[in-house]
Amino acid sequence: QQQQQQQDDSTNNNKYNTNNTEAATDNVNVEIKYEKEEKYEKEDKSEKSETGEDSQLVQKSSTVGASNNGKVSAKKETKQLKKIVLVYAMSILLIVGLLSAMLAILFTTNNTFGARPITINYAGSRRSYTYGLYVLATELIRQDGSTWSDLDDIRNLMRTEIDIVSNIHRGVKYGNSTLELQSTMGTSAAQDTLLFQPTCSNNTVSCMSLDSQFSYFLADCRSLVELPDSLLNFNLSYYKNIASMQNGAFATLLDQSKSLYLAEANPIVDQAKQNLSIVLAVACPVFILAFLLLRSPLVELRNTIRRTRKMIMMLPQEELRRIDCLAVYVTNEFT
């Protein structure tokens, strides 16, 4: 019995020791579990903190990148705007310069040309007036009454025409403030020779100078006008001289005189045309170049405006209306 009792006690002790060992093992396992959980918690916190820092870095980098992109875009737009303004200003300056050159050419031509157009017109009118006197002299002698009912009307008109053409001829030579004619004496050797030098050595009317023949022609016209009606006929020397001069050397000299005045003015006109042609030849490439230089930046600016407009219109209208300038834009856009 004692031995049996000892064996039972020994068995109980072994069980107790086994239970204690298991309990100790369980405690060790729990501690290891707690340590692992703490380690995992620390690692999670470390990862979260690292993730937060990374996200902050990413956010900062994105912000910096956006800021840098905005700065780059602003610089690009500013550079583009400066380019447009520069090209536009250069184009305006070139256009103004070309217009100024044209005005200068016209002003210089007008000053150089001066009163030449008036002189040319009056020099040519001498031919018309002398032919008109020839026609009136023929009507005066014919006396048929088909055109003129009163011969005194013809005489009065001839006297008026004689005075007018005499003043014109004198004004072409020496100037006339009423007719706005400037003196041409001494301005052209060819014109002076034509006016005052005989054309040939014969003592006939056709060999006289233009000025002498002009005086001779007007004297015959005056003499014819003062004759009574009974003495008027086509065999009169006055009428024959008028008719021959009108169809002969006198008319030729009048045409030559006008041609000389016109020839003196032609080089001035030709020079003005040449200068204008040069200016226009330069202007056309300049305009084309200005168009080509302005086209690209203007198209890009137009596209930028369209993109900006689309982005603005995508925003809520309530937010847009809070900003005055955008509110006005939106109001105009929708109305």
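Residues numbered from 1 in each chain as written. Predicted model: local features only at pLDDT ≥ 70, side-chain atom pairs only at ≥ 80, totals over all residues. Heavy atoms only, no water.

**Quick notes on the packing of helix H2 (residues 116–142) against helix H5 (residues 210–226)**
In plain terms, the rule: Every axis corresponds to a line fitted to the C-alpha atoms, with the helix fit spanning only the stretch in contact, and the corresponding angles, defined between N-to-C directions, vary from 0 to 180 degrees. Secondary structure elements follow DSSP: runs of H or I no shorter than four residues count as helices, runs of E no shorter than two count as strands, and numbering proceeds from the N terminus. For classification purposes, angles smaller than 35 degrees are called roughly parallel, those larger than 145 roughly antiparallel, those between 65 and 115 roughly perpendicular, and all remaining angles oblique. Helix crossings get a hand from a simple test, with the near helix turned counterclockwise from the far one by less than a right angle marking a left-handed crossing and a clockwise turn marking a right-handed one. Only heavy atoms enter the contact rule, under which two residues are in contact if any of them lie within 4.5 Å. Under the convention adopted here, Pro, Cys and the residues Ala, Val, Leu, Ile, Met, Phe, Trp and Tyr are nonpolar, Asp, Glu, Lys and Arg are charged, and Gly plus all remaining residues are polar.
One way to put it is that H2 packs onto H5 with a least axis distance of 11 Å and a crossing angle of 25°. Taken together, the axis directions place H2 and H5 in an arrangement best described as roughly parallel. Note that H2 runs across H5; the crossing there is left-handed. Seen from H2, the contacting residues are Arg126, Thr130, Leu133, Ala137, Leu140 and Ile141; seen from H5, they are Leu210, Phe214, Phe217, Leu218, Cys221, Leu224 and Val225. A breakdown of the residues in the contact of H2 with H5 according to their chemical character gives eleven nonpolar, one polar and one charged.

**Here we look at the packing of aromatic side chains**
Spelled out, the test is: Side-chain rings of Phe, Tyr and Trp (the six-membered ring for Trp) are treated as a pair once their centres are within 6.5 Å; stacked means planes under 30 degrees apart, edge-to-face means over 60, and tilted covers the remaining angles. Under the scheme applied here, a residue whose accessible area is under 20% of the maximum for its type counts as buried, over 50% as exposed, and between as partly exposed, the area being computed with a 1.4 Å probe on protein chains only.
In the structure shown here, the tally under the stated rule is five aromatic pairs. Their ring planes at 50° and their centres at 6.0 Å tell us that Tyr131 and Tyr134 sit as a pair that is tilted. Here Tyr134 and Tyr131 lie together in helix H2, a separation of three residues that amounts to about one turn. Owing to a relative accessible area of 44%, Tyr131 belongs among the partly exposed residues under this scheme. Where Phe214 meets Phe250, the ring centres are 5.8 Å apart and the plane angle is 55°; that geometry is what we call tilted. Within this pair, whereas Phe214 is found in helix H5, its partner Phe250 is found in helix H7 (residues 249–314), the two being separated by 36 residues in sequence. By the burial criterion, Phe214 is buried, and Phe250 matches it. A network of ring pairs unites the aromatic residues Tyr131, Tyr134, Phe234 and Tyr239 as a single cluster.

**A few points about the packing of helix H3 (residues 151–174) against H5**
For the pair H3 and H5, interaxial distance at closest approach is 10 Å and the crossing angle is 165°. Here H5 runs roughly antiparallel to H3, going by the angle between their axes. The handedness of the crossing between H3 and H5 comes out as left-handed. Here Arg155, Met158, Arg159, Ile162, Val165, Ser166, His169 and Lys173 of H3 come into contact with H5, specifically with Asp211, Phe214, Leu218, Cys221, Arg222, Val225 and Glu226. A class-by-class count of the residues in the contact of H3 with H5 yields seven nonpolar, two polar and six charged.

Functional significance is not addressed by these values, which are geometric in nature.
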